[in-house]
Amino acid sequence: MSLHRREFLRVLAAAAVASTLPGCASRPSRGVFSGLYEVPKTGNVHLLHFTDCHAQLLPIRFREPSVNLGIGSALNRPPHLVGKAFLKQYGLQADTPAAHAFTALNFTEAARQYGRVGGFAHLATLVKQMRASRPGALLVDGGDTWQGSATALWTRGQDMVDACKLLGVDVMTGHWEFTLGAERVQEIIAKDFAGKVDFVAHNVETRDFGDAVFKPYVIRETNGVPVAIIGQAFPYTPIANPAHFIPDWSFGIQEEHLQAVIDQARDEGAQVVVLLSHNGMDVDLKLASRVRGLDAILGGHTHDGVPTPVAVANAGGQTLVTNAGSNGKFLGVLDFDVQDGKVAGHQYRLLPVFADALPADADMQSLIERVRQPYLAKLDEPLAVTDDLLYRRGNFNGSFDQLILDALLAVKDAEIAFSPGFRWGTSLLPGDTIRMEQLMDQTAITYPHSTLTEMKGSMVKTILEDVADNLFNADPYYQQGGDMVRVGGMDYAIEPAAASGQRIREMTLNGKAIEPDKSYKVAGWAPVAANAQGEPIWDVVATWLRDQKRVSPRRVQQPRLIGISDNDGIEA
């Protein structure tokens, strides 16, 4: 009953054919997507999965990466495939809704043709449709849900908590949720989630006595089958984000503890055991090979939309590893056929959420309008018009990253600028107005302070080397989150597959080599240190945009890449 590439292609075939019909160049009719959401039920255990929505309640545009390099054993393997290589791997046709959902190919034209994606009102409709055909289905949320928008920041996540309760989330784990602070997280779990949503994370414990902070797992019975869902919160939260938000908690991958939890769940009668993970797909692939007893990993963190699971062999048999994209763009549907207490087969579909293909759920739409209403004047403030496609996602600078860097350089009167390698942030098409809402989509965090620092050239290189090792270390367990720090003002070259400390080359500023002992004025934002001060980054960029009024296409300062000529993680 396993779903292979051929079956996945068949699911999308009707939509692919419809997209070639006349009259589909502007706003599409729902016929363009005909057949996309026809997913016949199989089996008796059903799991619906979304992750990394980053607080996007409304339909948005989100460009998938054109650079997602795989290094070492990850070379040219999922999830490190982009563009045409991605289409070839999964048997998808170019210039179709599926190609637009999963790749950055012809993004501007395709975005105008197929419309916006995601939106909780449209996701709610799809969830209800899948649940109607799958009684007892469980909806699980992989985290990065309460952060990523202005309203989530201003309500301390309450808008997303209310939306997820209405959506019918059964179980979730976390990452960016923790940047609201330990007290706020516990308040939501104790009050809003009580009796409704289970927050699970086996790998978070107190620093003093090693006590569990959250439930490690929950067993839910569906159609007579006990299903265990184990939580795996982002293991490097205190490193990638400010530790002072969660000073009394420790995190980690905790492989041995996970094995003990799996065994315990099995001993309690669980016939299906699933890990709801926020590790990132590379980490999940390694983890799946080293623990036994997991039927599947429903993964998140790296925002990879992967159409079919990767089956990973281990001492207990095999584990299916999935990753369900980001920004509310996708809903994963995993069906298990459980016979005589064991999984006998499975079917998996990763469904793109096209706002023009799914009517808005009335109840969810009403909630969204209600929670946004107090903030509409601030959200709608026009800042400038862009003449360029603005996006973030990818291993290196995106055009929206470059805009933020250019604003930092100008407003802070800096020579070099750094911006974090965040994966979240919505996209804008040429001619769109950049409103405060879209700027906040790129910057809405609880530690937004901008900085200006005197920094020696040797320290600039050290920072770049450190982040590069975090991103390109051949051992996934040493990859601690995010993409490469975005760099403005200076140019450099990078060899991703080189040894640690030897990846960064040819650092130059205005055509001159960066001198190790010379000091440079370096602007940045999002410092992880406690008691940081500085103007919020959205004020810095808004000031610059109001002065610009119109933003012309900018040179995106991509590093020169060395040794990646055979890498299918970059679109030529």
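As shown above, the structure is provided for reference.
Keep in mind that what you see is a predicted model, and the values were worked out from it rather than measured.

Peer 1: Got a sec to walk through the packing of aromatic side chains? Specific residues and values, please.
Peer 2: For the structure shown, the criterion picks out 23 aromatic pairs. Ring geometry for Trp154 versus Tyr375: centroids 5.5 Å apart, planes at 40 degrees, classification tilted. Taken together, the residues span a long stretch of sequence, with Trp154 in helix H6 (residues 150-154) and Tyr375 in the loop between helix H12 (362-372) and helix H13 (376-379) at a distance of 221 residues. Relative accessible area serves as the criterion here: at 26%, Trp154 is assigned to the partly exposed category. The residue whose ring lies beneath Lys286 is Tyr477, and the NZ or CZ to ring-centre distance is 4.0 Å. The positively charged end of Lys378 is found above the aromatic ring belonging to Trp154, 3.9 Å away from the centroid.

Peer 1: Describe in detail unusual backbone geometry, supporting the description with residues and values.
Peer 2: With the exception of glycine, the majority of residues adopt a negative phi angle, and the majority of peptide bonds are in the trans configuration. A cis amide bond links Pro78 to the next residue, Pro79, at an omega of 10 degrees. By secondary structure assignment, the location of Pro79 is in the loop between strand S1 (45-50) and helix H2 (83-90). At Asp52, a position not held by glycine, the phi torsion is positive, near 55 degrees. By the secondary structure assignment, Asp52 is in the loop between S1 and H2. A positive phi is found at Asn76, a non-glycine position, where the angle reads about 60 degrees. Taking relative accessible area as the criterion, Asn76 reaches 28% and is therefore assigned partly exposed.

Peer 1: Which residues make up the sheet that holds strand S11 (residues 310-314), and what values go with them?
Peer 2: Read across the sheet, 6 strands follow the order S6-S7-S9-S10-S12-S11 without closing on themselves; strand pairing throughout is mixed. Every interior strand has two partners, whereas the edge strands, strand S6 (217-222) and S11, have only one. Direction aside, neighbouring strands of the sheet carry axes that sit 25 degrees apart on average. For strand S7 (residues 225-232) and strand S9 (residues 272-277), the ladder comprises 6 bridges, and the chain directions are parallel. Considered in S9, the bridge of Val227 is made with Val272. Taken strand by strand, helix H11 (residues 281-290) contacts S9, strand S10 (296-299), S11 and strand S12 (317-323), and its axis lies near 35 degrees from that of S11.

Peer 1: Pulling in residues and values, what's your account of the pairing of strand S2 (residues 138-141)?
Peer 2: Burial of the side chains of S2 extends over both faces: Leu138 and Val140 are buried on one face and Leu139 and Asp141 on the other. Where S1 and S2 come together, 4 bridges link them in parallel fashion. Looking across to S2, one finds that Leu48 is bridged to Leu139.

Peer 1: Just give me the short version of the packing of helix H5 (residues 120-133) against helix H7 (residues 158-167), but keep the residues and values in it.
Peer 2: Where H5 meets H7, the axes come as close as 10 Å, and the angle between the chain directions of the two elements is 25 degrees. Considering the angle they form, H5 stands roughly parallel to H7. Considering the relative orientation of H5 and H7, their crossing is right-handed. Within the contact between the two elements, H5 uses Phe120, Leu123, Ala124, Val127 and Arg131 and H7 uses Met160, Ala163, Cys164 and Leu167. Taken together, the residues that form the contact of H5 with H7 break down as 8 nonpolar, no polar and 1 charged.

Peer 1: Just give me the short version of H2, but keep the residues and values in it.
Peer 2: Of all the positions in H2, only Gly83, Phe86, Leu87 and Tyr90 are classed as buried. In a view along the axis of H2, the buried residues occupy a sector of 95 degrees, so they form one face of it. Along H2, the residues that are exposed and aim more than 90 degrees away from the buried face are Lys84 and Lys88. Directly after H2, the chain includes Gly91, whose backbone phi takes a positive value near 65 degrees.

How each quantity is defined
- Residues numbered from 1 in each chain as written.
- Predicted model: local features only at pLDDT ≥ 70, side-chain atom pairs only at ≥ 80, totals over all residues.
- Heavy atoms only, no water.
- Phe/Tyr/Trp six-rings, centres within 6.5 Å; stacked < 30°, edge-to-face > 60°.
- Helix = DSSP H or I, 4+ residues; strand = E, 2+ residues; numbered from the N terminus.
- Buried < 20%, exposed > 50% of the residue type's maximum accessible area, 1.4 Å probe, protein only.
- Lys NZ or Arg CZ within 6 Å of the ring centre and 35° of its normal.
- Pairing = 2+ DSSP bridges.
- Axes fitted to C-alpha atoms, helices over the stretch in contact; angles between N-to-C directions.
- Contact = heavy atoms within 4.5 Å.
- Parallel < 35°, antiparallel > 145°, perpendicular 65-115°, else oblique.
- Left-handed = near helix turned anticlockwise from the far one by under 90°.
- Nonpolar A, V, L, I, M, F, W, Y, C, P; charged D, E, K, R; others polar.
- Arc of directions from axis to C-beta.

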